[in-house]
Structure formats: C-alpha cells, structure tokens
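Each chain is listed here by its residues.
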Amino acid sequence: MHKLGRGSRDKVQQFMAITGASEKVALQALKASDWHLEGSFDYFYSQPQISVTNSRHLEDLYSRYKERDADMIMVEGTSQLCNDLLVDPQDVVMLVISWHMKAATMCEFTRQEFIDGLQSIGVDSIEKLREKLPSLRAEIKDDSKFPFLCETGYLYMTT
C-alpha cells in the first residue's frame, strides 16, 4: 500500500472492503473527497468510469458471445445475450446497451466496444447487467442522450 498514515490506510481498507474497489480506485475516491470516507462513497458511486469490473470476467463474457469464426459479437451472439438477459432482441433497452458500447453497428460488438461498454455501465456479469436494465431503460427518456427518439415520437410508441 502507498506510504500513508495509519488513519488514511484504515480508510483505504474500509473503502475497499465496502465497495470491492481496487486500492488505486480507493485512493482516487478518497483524495477527491479530501479523505472523508462518506464523501468518497458518494464520489465513487457517482462516477460511471470508476466501476468495479473484473477484466477477466469481461473477457469471459465476450468469449461466450463472440462468433466462432470471427472476433466479433454478431447476430447469433447478440441473440444469446438477449436470451441470457431475458429480453426480446427488439427491446429498446438493446438500443441503450448498444449506445453505451458505442457500437458502430447496432447490436454488433467488437471486443473493444463490448468490454469498454460494460465497463462504462459498471457491470462484469450477466446478472449485474440484468439488474441494471431498469436504469438503462430509464435512460431512453433522457433527451440529452437520445434526442432523436424524443423528437420523432419513437419514445412514445415504445413506452
């Protein structure tokens, strides 16, 4: 652990125990909150880029859905992903997931898009992504993220 005083070291340990975050993330959140433990939790949970994701789990997920003959998730893999999430492939939440993944083609994902997208959402398992679906669905109503849906009336046709 970095050279810290006992009190700071204890705060880092508490933060890591409660959030499951790495030491690096704990230090970042505590420094951002001027070493106030409660403030560090607020900071941590308000920062989508600081997420508790396991890169090995993300790689395993990607491997589960990618095509056998290509290093990409395509129709078959996306269909399996939808089955595992218990959503219809035409569910609007797949649009939000694709948006988070910055997919060049809707519902087709490169390794980078898939892994970066799940990290940005803060999940590293199907179970965690399934738990996140209600908040992802709520994002569709955010016209700063999806102005074209609000302008075209699509939003009202699907909700």
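To start, this report covers the structure provided alongside it. These numbers were taken from a predicted model, which means no experiment stands behind them.

### Brief notes about the nonpolar core
Then comes step 1: Counting 28 residues, the largest nonpolar core has L81, L85, F114, L118 and L136 as its most contacted members.
Then comes step 2: Of all elements in the fold, only α4 (55–65), α5 (75–85), α6 (93–100), α7 (111–121) and α8 (126–139) reach the threshold of two or more residues within this core.
Then comes step 3: Among the elements that make up this core, the one with the highest residue count is α6 (five residues).
Then comes step 4: Setting aside residues up to four positions removed in sequence, L136 forms contacts with V93, V96, I97, H100, I121 and L129.

### Considerations on unusual backbone geometry
Then comes step 1: Of note, D34 is a non-glycine position whose phi angle comes to about 55°, a positive value.
Then comes step 2: Relative to the helices and strands, D34 is located in the loop between α2 (23–32) and α3 (37–46).
Then comes step 3: Note on D34: relative accessible area 58%, which makes it exposed.

### A word on the side chain of H100
Then comes step 1: One can find H100 in helix α6.
Then comes step 2: Residue classification places H100 among the buried residues on the basis of a relative accessible area of 13%.
Then comes step 3: Aside from chain neighbours lying at most four places away, what touches H100 is G117, S120, I121, L136 and E139.

### With respect to the pattern of salt bridges
Then comes step 1: Evaluation of the coordinates by the stated rule reveals six salt bridges.
Then comes step 2: Among the salt bridges present, the one from R111 reaches E59, with a minimum N-O distance of 2.4 Å. Of this pair, R111 sits in helix α7 while E59 sits in helix α4; the two residues are 52 residues apart in sequence, bridging distant segments of the chain.
Then comes step 3: For R111, a relative accessible area of 27% puts it in the partly exposed group.
Then comes step 4: Residue R64 is joined to D84 by a salt bridge in which the shortest nitrogen-to-oxygen separation is 2.8 Å. Residue R64 is found in helix α4, and its partner D84 is found in helix α5; the two are separated by 20 residues along the sequence.
Then comes step 5: If you follow the salt bridges from partner to partner, you end up with E59, D71 and R111 in one network.

Conventions adopted
- Residues numbered from 1 in each chain as written.
- Predicted model: local features only at pLDDT ≥ 70, side-chain atom pairs only at ≥ 80, totals over all residues.
- Heavy atoms only, no water.
- Core = buried A, V, L, I, M, F, W, Y, C linked by side-chain atoms within 4.5 Å.
- Buried < 20%, exposed > 50% of the residue type's maximum accessible area, 1.4 Å probe, protein only.
- Helix = DSSP H or I, 4+ residues; strand = E, 2+ residues; numbered from the N terminus.
- Contact = heavy atoms within 4.5 Å.
- Salt bridge = Lys/Arg side-chain N within 4 Å of Asp/Glu carboxyl O.

What is shown is where atoms sit, not what they do.
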